[in-house]
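Structural overview
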Amino acid sequence: MSDVNGNGKFLVGIYDDDDVVLKAVKDVKEAGVRIHEVYTPFPIHGLDIALGHPRTRLGIAAFLFGLSGTLSALALTYYTEGFDWPMIVGGKDSYSPIIYVPIFFELTVLFCALGMVGTFLVSNGLGPTVKPLMYDLRTTDNKFAMAIDLSKNNIVESDIEQILKRSGAAEVNVKQF
Amino acid sequence: MSHVTSAVRTPLVTGGKTYADVTEDISRQVEGAPTREWTIAFTIAVVVLLYGAACVFWTWWEGLGVWGLNKTVGWAWDITNFVWWVGIGHAGTLISAILLLFRQKWRTAVNRAAEAMTIFAVLCAASFILMHMGRPWLAYWALPLPNTFGSLWVNFKSPLVWDVFAISTYFTVSLVFWYMGLLPDLATIRDRARSKVSRYIYGAFSLGWNGSAKSWARYEYMSLILAGLSTPLVLSVHTIVSMDFATSVIPGWHTTIFPPYFVAGAIFSGFAMVQNLVLIIRVVFKLEDYITIEHIESMNKVITLTGSIVGVAYLTEFFIAWYSGVEFEGYAFINRATGPYWWAYWAMMTCNVITPQLFWSRAIRRSIVWTFVLSVIVNIGMWFERFVIIVTSLHRDYLPSSWAMFHPTLFDISDYIFSFGFFFTLFLLFSKFLPVVNMAEVKTVIKSSSERLPVSVSGVAKGERVTNPTFNKDVE
């Protein structure tokens, strides 16, 4: 999980608008400040790119889980109908992969969906007992928060505050974890 | 970053809402005490559920002899209800997944309720499978498990087993899709919670969501892939349900048109049920600014399209029955229209083919009353469609000596009523304890599809690109 990194002092710039915060990310970065993370009530397209987050590899996980579903279905049907208890029903061959396409399809989708969602939860550190690090409770409502980890920046706190305000922050707060 | 305010599209959110307004309006019913209307509706639903549950228990206790089935009509209301409920369960995924892939923004206000409807409708459908088994404690026999009789397995070549895989996968994926969609909104409710209990409960269910940019990027990617997975899943589920019939040799069932025809019918009935639920929700929870006439009209257009496809399918069936030259097939269809169940056939034709065509009129398509009435009619018609396919095909078979009629008993009717109690109890619980509209998604369309325009747009034409807009409530 990217944003759970122990004790530290953060400066949190609070923005009122998604367009403003997106532009602010670029401005603050240009001013030489290292941004820890931005928290928003809804997805803002391009924000992860502006922050420089690497592209998610969930798609690869989804493909691999889907493939494991197909192979599991293949193994299940082959073991049961091709090997363990061959039966001819309705004149169909005991084992012919074409007959089992619906089984292959359903297990592929099932494994893919569950595996990918599981990967998503693990990679984001989400779970029923997880206590979220909230830099501002209003970020799940109508505010946008830019968190700056002071320990990872060599700029004076008051200067960072000025940079945040210049970038359009309506308020700048200090948050200690 | 800039937003485009379309000059041609009508707004999807009215009333000049801000992000805070969205949270406030939608969280209100979750955070407040239950309203009188909700309490009355919930009480009625629970009473119906309890009565129905007693009847279902009696059905299992006594055996399926309490139903009106006979040796000829071996499937009747049980499978009719099953197929009907599965069909209703399709609109949720369609609205969520297919419209997400097509970038249809009008889905955002209605997707949550539609997805919930899907989950509950599939549960109702599953309850009829359990009832129809007669011995529900042996339901696990349908799963591919090694059993105590030796190395005997389920028959993977049977569409009934494909059904088990398809519907359980559909239910699981729909549930996951719905729950993942709820995460950001559950976090919103958690962060607004005043009592410790609700903070704890919503905190546990929101899984620690905090809306970081990285989480959102992964979340959107995951939603897109889930939508991509769910789309063919919808088609596969009803295709396979149709194969339960199409792979048999019963005249009237053994047709290749069944898969697309069943899928269109499922979407048709599903959208009609979404309309009914959404129209009630928008009035009861005062969400007229979020579920607008535009949403209602868009869904009515889907109903018109799928209703017309279903109508073409009915005519094609008739044509092919004649054109194939198979006398049994020809008889089955003539008998449907003119035999002892003619009333069911014509009820189906009237409700599904004729009345939905009224939606070609813009005034009717945009009328709340007409929409509600026609949607109820579509649901009635689609129930009759399944009844016609199942019962009229079975009551006359190749041997005239086995011809029989089906008469529903009190338990056939009560077990159907049970499913309504079950469905509405779950739906009312959902509407009280979870946000019925997806707040996070509605917030994403506020700027591009709302009546509220950015300040810098005042004085310039709609559709012009603006940068760094800020809101001004006075601007219309």
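Everything numeric here is computed off the predicted structure, so don't read it as measured data.

Across its full length, chain B holds 16 helices and two strands. With respect to the three principal axes, the spread of C-alpha positions in chain B is 80 × 50 × 45 Å. Here chain B holds 476 residues, and 59% of them are scored as buried. Counted over contacts in chain B with a minimum sequence separation of 6, partners at least 24 positions apart contribute 80%. Accessible area of chain B: about 19,100 Å², with a carbon and sulfur share of 70%. Distance between charge centroids for chain B: 8 Å, based on 34 positive and 29 negative side chains.

Our focus in this paragraph is the domain arrangement of chain A. Partitioning chain A into structural domains gives domain 1 (9–55 + 141–176) and domain 2 (58–123). Its C-alpha centre places domain 1 of chain A at a distance of 45 Å from the equivalent point of domain 2 of chain A.

Sheet strands associate in pairs through backbone hydrogen bonding, adopting either a parallel or an antiparallel arrangement. All names here are of chain A. On the basis of which strands lie adjacent, the open sheet formed by four strands has the order β2-β3-β1-β4 and antiparallel pairing. The two strands at the open ends of the sheet, each matched to only one other strand, are β2 (37–39) and β4 (171–176). Neighbour-to-neighbour, the strand axes of the sheet open up by a mean angle of 25 degrees, direction not taken into account. Where strand β1 (residues 9–15) meets β4, six bridges bridge the pair, whose relative direction is antiparallel. From the neighbouring strand, Val 12 faces β4, where its bridge partner is Asn 173. Contacting β1, β3 (144–149) and β4, helix α5 (residues 157–166) runs over the sheet at an angle of about 15 degrees to β1.

Here we come to the confidence of the model for chain B. When pLDDT is averaged across chain B, the result is 89; 92% of the residues are at 70 or more. Across residues 454–476 of chain B, confidence stays below pLDDT 50; counting only partners more than four residues off in sequence or on other chains, it has 46 contacts.

This part takes up unusual backbone geometry. Residues and elements named next belong to chain B. Here Arg 103, not a glycine, exhibits a phi torsion of approximately 55 degrees, which is positive. Inspection of the secondary structure assignment puts Arg 103 in the loop between α4 (90–101) and α5 (111–133). Residue classification places Arg 103 among the exposed residues on the basis of a relative accessible area of 59%. Even without glycine at this site, Lys 286 takes up a positive phi of about 55 degrees. Residue class for Lys 286 comes out exposed when judged on its relative accessible area of 61%.

What follows concerns the packing of helix α6 (residues 159–192) of chain B against helix α8 (residues 213–246) of chain B. All names here are of chain B. One way to put it is that α6 packs onto α8 with a least axis distance of 9 Å and a crossing angle of 155 degrees. The pairing of α6 with α8 is recorded here as roughly antiparallel in orientation. Crossing hand, α6 versus α8: left-handed. When grouped by side-chain class, the residues that make up the contact of α6 with α8 number 22 nonpolar, four polar and two charged.

This part takes up the interface of chain A and chain B. Each side of the interface is counted separately: chain A has 68 residues, and chain B has 59 residues. Overall, the association of chain A and chain B removes approximately 5,700 Å² of surface from exposure, summing both partners, and the carbon and sulfur fraction of that is 67%. Sorting the residues of chain A by area buried against chain B places Asp 19, Glu 106 and Thr 140 of chain A first, and these three jointly supply 11% of that buried surface. For Asp 18 of chain A, the salt bridge is made with Lys 447 of chain B, and the minimal N-O distance between the two is 2.8 Å. The tally of links from chain A across to chain B stands at 24 residue pairs in polar contact (both at pLDDT 80 or more).

About the thresholds
Residues numbered from 1 in each chain as written. Chains lettered and ligands numbered in written order. Predicted model: local features only at pLDDT ≥ 70, side-chain atom pairs only at ≥ 80, totals over all residues. Heavy atoms only, no water. Helix = DSSP H or I, 4+ residues; strand = E, 2+ residues; numbered from the N terminus. Buried < 20%, exposed > 50% of the residue type's maximum accessible area, 1.4 Å probe, protein only. Contact = heavy atoms within 4.5 Å. Areas by Shrake-Rupley, 256 points an atom, 1.4 Å probe, with all protein chains shown as cover. Lys, Arg positive; Asp, Glu negative; His and termini not counted. Charge placed at Lys NZ, Arg CZ, Asp CG, Glu CD. Domains from an automatic or database assignment. Pairing = 2+ DSSP bridges. Axes fitted to C-alpha atoms, helices over the stretch in contact; angles between N-to-C directions. pLDDT = per-residue confidence, 0-100. Parallel < 35°, antiparallel > 145°, perpendicular 65-115°, else oblique. Left-handed = near helix turned anticlockwise from the far one by under 90°. Nonpolar A, V, L, I, M, F, W, Y, C, P; charged D, E, K, R; others polar. Buried area = accessible area lost by both parts, 1.4 Å probe. Salt bridge = Lys/Arg side-chain N within 4 Å of Asp/Glu carboxyl O. Polar contact = N/O pair within 3.5 Å; in protein donor to acceptor, adjacent residues only side chain to side chain.

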